[in-house]
Amino acid sequence: MRSLCCLAKTPSNLQPPLTLTPRQSLESAAAYGIIESAADIIERWNTETSTFARVTSMFYEDKAEAMVFIERVNNLQKTMDLLVSEDPNSERLMRAQRLMEIAMKRLQKEFYQILSMNRAYLDPESVSTRSSLTSARSSYSDFPVMTDLRSIAEGMIGSGYAKECVIIYKTIRKSIIDEGVYRLDVEKISTAKAKKMSWEEMEIKIRSWLEAVKVSMETLFKGERILCDHVFESSDAIRESCFSEISREGAILLFGFPEIVSAKIISKKSSPPEKTFRLLDMYSAIAGNWRAIESIFSFESAPVVRSQALKSLVSLSESIRSQLRHFESRIEKDSSKVVVHGGGVHPLTTSAMNHICLLADYSNVLVDILAGSPPPDRTLLPESYFNVSDSDDSPSSELAIRFAWLILVLLCKIDRKANHYKDCSVQYLFLTNNLQHVVSRARCSNLKQLLGDDWVRRHVAKIKQFSDSYKRLAWGPVLATLPENRAVELSAEEVKERFEKFSESFERAYGKQSVCVVPDSELREEIKLSIARKLVPIYREFYNTRRSVVVAGAGGGVRNLSSVVRFTPEDVQSHLSDLFSGEGTSGSSYVSSPLSCLSRQCTP
């Protein structure tokens, strides 16, 4: 009961005499005692009659007396409920009402003081940190300020002063939440303003936003929800009303930002692929906190917050899918005529694999983002390239197909770029280097888990095929100058001719291949060793067994001998060991080849 109807009183000499039963007499005496007991402490802390009470906090000055104050106020309210049922116009009831008004002013003052003077102790971070150290079943008895606030709130709500209590709480706590959001650099940005901002400016705001989401969900909104639930534990309706009004504006501002960023990116016909990762970061931030969002903003009056967070997820999903389509299109439409020195790794391979490997790090969220988008047609993936069961339509399988498709698109483009080299051997070295880069990046990223070991094995085998083709085209002609049948008898003139052809062929091959590069050190050593194993032993045997024929024919002249036998086996070994560093100076690296270089990886 908060107020009483002001009724005209009947003069006491005209009132009919009351006949009280013994029980009523006892209750009346008890009510009198409760009222007078409450009056004693309430008057002592009356801010209108006591200077001490006006400048002193009861809860800080004397905590024990403060708890007695709360107890007597609660008892006073119970007595008033009893009195009003007996006689709503009694003097006792009127006196109790006046005392209650004084008590409520006192409690309002205490409630305000505790909230305002303990902002640091009651800031959301402190509350959430302390709550994490408290089990779900334990009480907050170790947190006296929070306990005091709850005691006051329960007293005011029970006495019909919920409105005054809530106004004080909302005013102070909303200012704290709003200040917290402001300090996290979350500001209201219109879509029009966002479209005018440079990407550098927007990226700074995105990074601030990502940190803001983390802090907001772990401390700001979580801490406020914990405090609100504790203080207004006695009333579900008040808890819901308070938290919703305090947090709604800041939460909508926070979760509305990604939608604005998405609108900015979608409005651009072409956006750098790097923007995709900022979108994925924002999607991950909301999706990763979704359970917390649903828990913290679980009230029926807070659907607007959950709805805004969901709208941002949908908007981000659309933007990310659009960015992925643009990324694939950029690879397909790449028209660069750059011929990479020495058949090395093409910039497109490097940049595309950097992007694809980073995308693979977001596979957990990409499964959800791409769930509503049809995957590439499985029939377009050659079985020799990527084997996947037609019956496997799980999200993870579809995601693997998407990544396999993106890499296939890249490899097809690289295959076509190989034709920019006039020398077919360099074309195959180019393909070897680029596929090696693709496989190497896949092996050391989440792509390996997505594509599987079988995909890696298939492409390692393809690297060997390309490498073998390179070695056959580049060094096969040199090997062909030496006799296949080592036991066959050769005349001195034939031996001399063989040495001369070998020297000329080796010089020509070395001159062309010395400008080639193999960036991967392991692959480089493997190719060099493979060439040396095939060429050096055969040449060494021919050199050791046939050199004497040339010496005899030259009459022992060293000068004549050196013009015919220009390389020792050690010279050949040394030259081969210097290959693929890209330090050669020959200008004849790329010459026309009579061989027909067909597509090696894809159908044009």
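All values reported here derive from a predicted model rather than from experimental measurement.

Draft legend 1. The overall build of the chain, seen in detail. For the chain, the count of helices and strands is 23 helices and 0 strands. Among the 604 residues that make up the chain, the fraction classed as buried is 47%. For the chain, contacts bridging at least 24 residues in sequence account for 81% of all contacts bridging at least 6. If you sum the accessible surface of the chain, you get close to 30100 Å²; carbon and sulfur atoms cover 52% of it.

Draft legend 2. A look at the nonpolar core. Judged by nonpolar contacts, the single largest core of 172 residues is most densely connected at Phe111, Phe232, Phe297, Leu366 and Trp475. For this core, the leading source of residues is helix 10 (residues 199–231), giving 13 residues. In this structure, Phe111 is in contact with Leu149, Ile152, Ala153, Cys165, Ile168, Tyr169, Val231 and Phe232, ignoring residues within four places of it in sequence.

Draft legend 3. Up close: the environment of Ala53. Position of Ala53 among the secondary structure elements: in helix 2 (residues 51–55). Residue Ala53 is classed as buried on the basis of its relative accessible area, which comes to 0%. The spacing of Ala53 and Arg106 is 53 residues in sequence and 8.8 Å in space, taken between C-alpha atoms. Apart from the residues within four sequence positions on either side, Ala53 is in contact with Arg44, Trp45, Asn46, Thr47, Arg106 and Lys109.

Draft legend 4. Structural detail: the pattern of salt bridges. Counted under the stated rule, the structure contains 30 salt bridges. Two residues, Arg183 and Glu179, come together in a salt bridge whose shortest N-O distance is 3.0 Å. Of the two residues, Arg183 and Glu179 both sit in helix 8 (residues 162–183), 4 residues apart, roughly one turn of that helix. Taking relative accessible area as the criterion, Arg183 reaches 62% and is therefore assigned exposed. Connected via shared salt-bridge partners are Glu203, Arg207, Arg278 and Asp281.

Draft legend 5. Examining the environment of Glu294 more closely. One can find Glu294 in helix 13 (residues 290–296). Owing to a relative accessible area of 41%, Glu294 belongs among the partly exposed residues under this scheme.

Draft legend 6. Spatial organisation of the packing of aromatic side chains. Under the criterion given, the structure shown has 21 aromatic pairs. Just above the ring of Phe243 sits the side chain of Arg225; from NZ or CZ to the centre is 5.8 Å. It is Arg225 that lies over the ring of Phe299; its NZ or CZ is 4.0 Å from the centre.

Draft legend 7. Region of interest: the state of the cysteines. Evaluated as defined, the whole model comprises 0 disulfides. Cys242 takes part in no disulfide bond, and the closest cysteine sulfur, belonging to Cys228, lies 4.8 Å away. The class of Cys242 is buried, set by a relative accessible area of 0%. Summary of cysteine pairing: Cys444 is not part of a disulfide, and the nearest cysteine sulfur, belonging to Cys357, is at 6.4 Å.

Draft legend 8. View of the packing of helix 7 (residues 144–158) against helix 8. Contact geometry for helix 7 and helix 8: axes closest at 7 Å, N-to-C directions at 145°. Contact with helix 7, carried on its side by Ala153, Met156 and Ile157, involves Ala162, Glu164 and Cys165 of helix 8 and no other residues of that element. Taken together, the residues of the contact of helix 7 with helix 8 break down into 5 nonpolar, no polar and 1 charged.

Draft legend 9. Highlighting unusual backbone geometry. For Asp185, which is not a glycine, the phi torsion comes out positive at approximately 65°. Tracing the chain through its elements places Asp185 in the loop between helix 8 and helix 9 (191–196). Despite not being glycine, Phe580 has its phi angle at roughly 70°, a positive value. With respect to the helices and strands, the residue Phe580 is situated in the segment after helix 23 (569–577).

Draft legend 10. Quick peek at the confidence of the model for the chain. Summary statistics for the chain give a mean pLDDT of 84 and a share of 83% for residues scoring 70 or more. Contacts of residues 3–26 to residues separated by more than four positions or lying in other chains number 14 contacts, the stretch itself having pLDDT below 50. This model gives residues 585–599 a pLDDT under 50, and the stretch forms 31 contacts once residues within four places in sequence are excluded.

Draft legend 11. Spatial organisation of the environment of Ala474. Tracing the backbone through its elements, the reader meets Ala474 in helix 19 (residues 447–480). In this structure Ala474 comes out as buried when scored by relative accessible area, which is 8%. Ala474 sits 57 residues away from Ile531 along the chain, and the two C-alpha atoms are 9.9 Å apart. In this structure Ala474 touches Ser425, Ala509 and Gln513, once residues within four positions along its chain are discounted.

About the criteria used
- Residues numbered from 1 in each chain as written.
- Predicted model: local features only at pLDDT ≥ 70, side-chain atom pairs only at ≥ 80, totals over all residues.
- Heavy atoms only, no water.
- Helix = DSSP H or I, 4+ residues; strand = E, 2+ residues; numbered from the N terminus.
- Buried < 20%, exposed > 50% of the residue type's maximum accessible area, 1.4 Å probe, protein only.
- Contact = heavy atoms within 4.5 Å.
- Areas by Shrake-Rupley, 256 points an atom, 1.4 Å probe, with all protein chains shown as cover.
- Core = buried A, V, L, I, M, F, W, Y, C linked by side-chain atoms within 4.5 Å.
- Salt bridge = Lys/Arg side-chain N within 4 Å of Asp/Glu carboxyl O.
- Phe/Tyr/Trp six-rings, centres within 6.5 Å; stacked < 30°, edge-to-face > 60°.
- Lys NZ or Arg CZ within 6 Å of the ring centre and 35° of its normal.
- Disulfide = S-S within 2.5 Å.
- Axes fitted to C-alpha atoms, helices over the stretch in contact; angles between N-to-C directions.
- Nonpolar A, V, L, I, M, F, W, Y, C, P; charged D, E, K, R; others polar.
- pLDDT = per-residue confidence, 0-100.

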